[in-house]
Every structure is written in C-alpha cells, then in structure tokens.
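# Close look at the chain arrangement
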Amino acid sequence: MVPLLLVLLLALVLFGAGFALKALWIVAVIVLAVWLLGFVMRSTGTGGGRGRWYRW
C-alpha cells in the first residue's frame, strides 16, 4: 500500500509542476508580447530621441 501511495504522490507532484511550468511559460509569453508592443509604440522625447515607454 505504501509504494502505491508514493507513486500516486509522485504523479501528483509531477503533474502540479508541469502545470505550474506551463502557466509560467504562458505568463512569460504575455509579458514578452507586452514588452515588444511597448518597444515598438514608444513615443519620441522632447529632444527628438525615443524615450522609455515605462516609468521605472
């Protein structure tokens, strides 16, 4: 009974890690898309140069 529980626990942990990694990949792709859009659509500064699109 204990080996069966260990295998089920291992399967649950691996499934949870796989889901978390997939979710992190989706978040990373969304952040990359927003960063690229901000890089393309940034406004020009007062000196004619292109300024930063964020306020950090």
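Residues numbered from 1 in each chain as written. Predicted model: local features only at pLDDT ≥ 70, side-chain atom pairs only at ≥ 80, totals over all residues. Heavy atoms only, no water.

### Section: the overall build of the chain
Across its full length, the chain holds one helix and zero strands. For the chain, the proportion of its 56 residues judged to be buried stands at 2%. Accessible surface, the chain as shown: approximately 5400 Å² in total, 80% of it carbon and sulfur. (Helix = DSSP H or I, 4+ residues; strand = E, 2+ residues; numbered from the N terminus. Buried < 20%, exposed > 50% of the residue type's maximum accessible area, 1.4 Å probe, protein only. Areas by Shrake-Rupley, 256 points an atom, 1.4 Å probe, with all protein chains shown as cover.)

### What to know about helix α1 (residues 2-40)
Over its 39 residues, α1 extends 57 Å from the first C-alpha to the last, a length consistent with the 57 Å expected when each residue adds 1.5 Å. Within α1, only one of the 39 residues are buried, which leaves it mostly out in the open. (Expected span 1.5 Å × (residues − 1).)

### What about a nonpolar patch on the surface?
Together, L32, W35, L36, L37, F39, V40 and M41 line one region of the surface with nonpolar side chains, adding up to about 740 Å² of accessible area. Locating V40 in the fold gives a position in helix α1. (Patch = residues over 30% accessible without salt bridge, like charges linked within 9 Å, V, L, I, M, F, W, Y side chains within 5 Å. Salt bridge = Lys/Arg side-chain N within 4 Å of Asp/Glu carboxyl O.)

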